[in-house]
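Each chain, letter by letter, is given below.
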Amino acid sequence: MKKLLILGAGTAGTMVANRLANLLDENEWHITIVDQNETHYYQPGFLFIPFGIYSKNDVVKPKRDFLPSGVEFIMSPIELIEPEHNRVKLSKDGRYVPYDFLVIATGTQTHPEQTTGLQEHEWYKTIFDFYTVEGALALARHLRTWRGGRLVLNVVENPIKCPVAPLEFIMLADSFFHEQQMRDRVELIYATPLPGAFTKPIASKHLGDILERKSIKVEPEFMVEHVDPDAKKIVSYDEREIEYDLLISVPLNMGNEVIARSGMGNELNYVEVDKHTFVSPKYPNVFALGDAAALPTSKAGSVAHFAVDCFAENFTRYVDGLEMLPTFDGHANCFIESGFGKGLLIDFNYDTEPLPGMYPLPGIGPFQLLQESEANHWGKMMFRWMYWNILLKGQELPLPARMTMAGKWKN
Amino acid sequence: MPTKVIAGHEVQINDEGFMTNPQEWDKDIAVEIAHEEGIADLTLAHWKVIDFCRQDGISTGKAPTLRRITTAAGVSTKDMFALFPKGPAKKVAKISGLGKPEGCV
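Thresholds, definitions, all that
- Residues numbered from 1 in each chain as written.
- Chains lettered and ligands numbered in written order.
- Predicted model: local features only at pLDDT ≥ 70, side-chain atom pairs only at ≥ 80, totals over all residues.
- Heavy atoms only, no water.
- Contact = heavy atoms within 4.5 Å.
- Buried area = accessible area lost by both parts, 1.4 Å probe.
- Salt bridge = Lys/Arg side-chain N within 4 Å of Asp/Glu carboxyl O.
- Polar contact = N/O pair within 3.5 Å; in protein donor to acceptor, adjacent residues only side chain to side chain.
- Nonpolar A, V, L, I, M, F, W, Y, C, P; charged D, E, K, R; others polar.
- Pairing = 2+ DSSP bridges.
- Helix = DSSP H or I, 4+ residues; strand = E, 2+ residues; numbered from the N terminus.
- Axes fitted to C-alpha atoms, helices over the stretch in contact; angles between N-to-C directions.
- Core = buried A, V, L, I, M, F, W, Y, C linked by side-chain atoms within 4.5 Å.
- Buried < 20%, exposed > 50% of the residue type's maximum accessible area, 1.4 Å probe, protein only.
- 1 Å grid on protein atoms, 1.4 Å probe; cavity = no way out; pocket = protein on both sides within 12 Å on 5 of 7 lines; lining within 4 Å.
- Points joined across faces, edges and corners; volume = space filled by probe spheres on them.

J.: Would you explain the interface of chain A and chain B in this entry?
T.: Reports often express the size of an interface as the amount of accessible area lost when the parts come together. Each partner contributes to the interface: chain A provides 21 residues, whereas chain B provides 15 residues. Each partner contributes to the roughly 1800 Å² buried at the junction of chain A and chain B, and carbon and sulfur atoms together form 57% of this total. Contact with chain B buries area across many residues of chain A, yet Glu221(A), Tyr237(A) and Glu267(A) alone supply 34% of it, more than any other trio. Seen at the junction of chain A and chain B, the total is six salt bridges. Between Lys90(B) and Glu221(A) there is a salt bridge whose closest N-O contact spans 4.0 Å. On the surface where chain A and chain B come into contact, there are four residue pairs in polar contact (both at pLDDT 80 or more). Partitioning the side of chain A that touches chain B into residue classes produces nine nonpolar, four polar and eight charged.

J.: I would appreciate a short explanation of the sheet that holds strand E16 (residues 233-236) of chain A in the present structure.
T.: Sheet strands pair by backbone hydrogen bonding; their relative direction is either parallel or antiparallel. All names here are of chain A. The strand order across the open sheet built from three strands is E15-E16-E17, with neighbouring strands paired in antiparallel fashion. Each edge of the open sheet is held by one strand with a lone partner, namely strand E15 (224-228) and strand E17 (241-243). Shown here is a sheet whose adjacent strand axes are inclined to one another by a mean of 20 degrees, direction ignored. Across four bridges, E15 lies against E16 in antiparallel orientation. Residue pairing in the sheet places Val224 in a bridge with Ser236 of E16.

J.: How do you make sense of the sheet that holds strand E12 (residues 149-155) of chain A when you look at a structure like this?
T.: All names here are of chain A. Strand order in the open sheet made by the five strands is E11-E18-E12-E13-E14, with parallel pairing throughout. Looking at strand neighbours, the two that pair on one side only are strand E11 (127-128) and strand E14 (216-219), the edges of this open sheet. Looking at chain direction, E12 and strand E13 (residues 186-191) are connected through six bridges and run parallel. Bridge pairing in E13 links Leu151 to Leu188.

J.: How should the nonpolar core be read in this particular structure?
T.: In globular proteins that are soluble, nonpolar side chains generally tend to be buried together. Within the largest apolar cluster, 121 residues are counted, with the highest numbers of intra-cluster contacts made by Leu4(A), Ile104(A), Phe177(A), Phe311(A) and Phe315(A). Per element, the largest residue contribution to this core is ten residues, and it comes from helix H6 (residues 301-319) of chain A. If near-sequence neighbours (up to four positions away) are discounted, Ile104(A) is found in contact with Leu7(A), Ile81(A), Ile259(A), Met264(A), Val271(A), Val286(A), Phe287(A), Ala288(A), Leu289(A) and Ala292(A). Counting 33 residues, the second-largest nonpolar core is a separate cluster that includes Tyr237(A), Ile69(B), Val75(B) and Met80(B).

J.: Looking at this structure, how should I read empty space enclosed by the protein?
T.: The gaps of empty space that remain are located by a probe, the size of a water molecule, rolled over the atoms. Residues and elements named next belong to chain A. Counted by the stated rule, this structure contains two cavities of 30 Å³ or more. Put simply, the largest cavity is a space of about 100 Å³. Contributing to the lining of the largest cavity are 13 residues, with Gly290, Leu295, Thr297, Ser298 and Val303 lying nearest its centre. Its volume calculated, the second largest cavity comes out at about 50 Å³. In this structure, the second largest cavity is lined by Val155, Asn158, Ile160, Pro163, Leu167, Tyr190, Thr192, Leu194, Ala197, Phe198 and Thr199.

Shape descriptors only; they carry no functional weight alone.
Spelled out as structure tokens, the structure:
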């Protein structure tokens with residue numbers, strides 16, 4: 001029996017387990033997946049919790065429900081990856097799990113403790129995050145009785161998981177405070193290390209205009225050095241200060257510590273792999289998928305989905321002794337909630353930045369690229385059902401894994 | 001691909017003004033781009049960072065991110081902002097004749 005070991009049963013790990021369990025012969029392959037947590041979170045849903053749109057029950061299900069029956073699931077923290085010995089040491093009982101092929105899908109985690117003043121005595125009192133279910137729930141409770149003032153949203157450093165989530169948060173906040181009839185008592189500021197609202201120029205311009213129409217102020221190139229939780233201000237490395245009444249932070253994102261312990265990561269603990277095939281340049285039987293990979297594409301579920309689409313077919317070639325094809329193009333496809341029952345959609349890859357147009361059918365849509373529409377909002381809302389019922393289970397969507405220019409407008 | 005004459009050399013640049021061929025770079029080019037970016041004098045401290053970025057950029061094929069520079073070159077983030085104000089990783093990549101750092105996607 002050949003042994004495939006998958007580390008992490010999050011979005012990428014679960015999808016790849018399902019897909020490969022279907023493609024590989026169960027008489028020849030033993031697939032094992034390791035994760036330390038029992039619960040699978042629908043992470044795109046965290047964004048909606050602070051505004052009372054989703055509750056905790058909407059975003060949690062047991063991981064086991066989404067793993068195929070033939071796959072062995074081990075619940076344990078991971079102590080060390082030993083790629084020289086083709087084995088992984090688990091914390092539980094100090095057990096070693098040997099492998100022929102290893103897929104690292106250990107994701108990315110937030111680290112508020114890395115910014116001075118952030119996770120101290122005002123944490124979950126006047127300072128919150130929404131990238132954890134705990135943070136999102138604490139913020140929901142706080143917003144129920146908040147009387148207004150200056151809300152500052154700050155991204156500590158890029159890359160972050162889901163780079164559009166901060167934009168969605170601040171636009172949903174605008175919508176929420178309108179509904180609460182207190183928008184006139186709330187000032188909204190988005191302080192970002194980026195030079196504008198988003199990373200790529202055309203999308204940044206479109207999104208920047210939308211933020212301006214919503215009276216959301218962008219403070220660009222703001223790289224936070226420390227938070228002063230008593231004076232209620234954030235201070236940047238170039239000594240700019242922004243005072244707040246309520247601070248929402250997107251803390252530093254880093255890959256799993258086991259990557260650092262195993263000496264397999266870059267300075268943020270992400271694993272360097274080939275950007276088209278996910279194979280490690282150092283170990284030809286090691287791959288990294290999803291947020292754990294150090295790739296110049298967004299850390300997002302849609303990217304993991306397209307990546308798994310490309311990887312699974314390629315993997316079956318590879319184990320038969322064929323070369324992997326450079327199929328993955330960095331494709332990302334992200335709904336952006338913009339409040340008031342509307343949303344945007346962006347579709348892009350390594351080479352093509354988000355452009356306006358229609359998706360997936362050229363000229364027809366039903367989704368509009370880079371423009372606000374109600375259809376986009378309903379797409380996002382439907383997505384939760386698709387995530388639990390189709391995507392995680394490794395079933396195919398009628399959408400191409402690689403990005404297409406059809407339906408996009410080049411200016 | 002557009003080109004631009006910098007310090008008497010014709011070099012290829014992209015639409016954001018980053019050089020696309022690091023081999024076309026030399027120290028005079030660095031000085032002139034630094035001027036354009038509002039840095040009047042390149043001190044030893046600047047050169048230490050530029051030298052690291054050149055070396056790292058050429059061996060990895062991409063411009064280092066700010067965190068990579070501060071981790072591997074032993075310069076603090078605070079100093080990086082003092083040396084290369086406003087977006088230090090982007091600025092030093094431009095001066096070093098490397099592409100835009102891929103940190104932000």
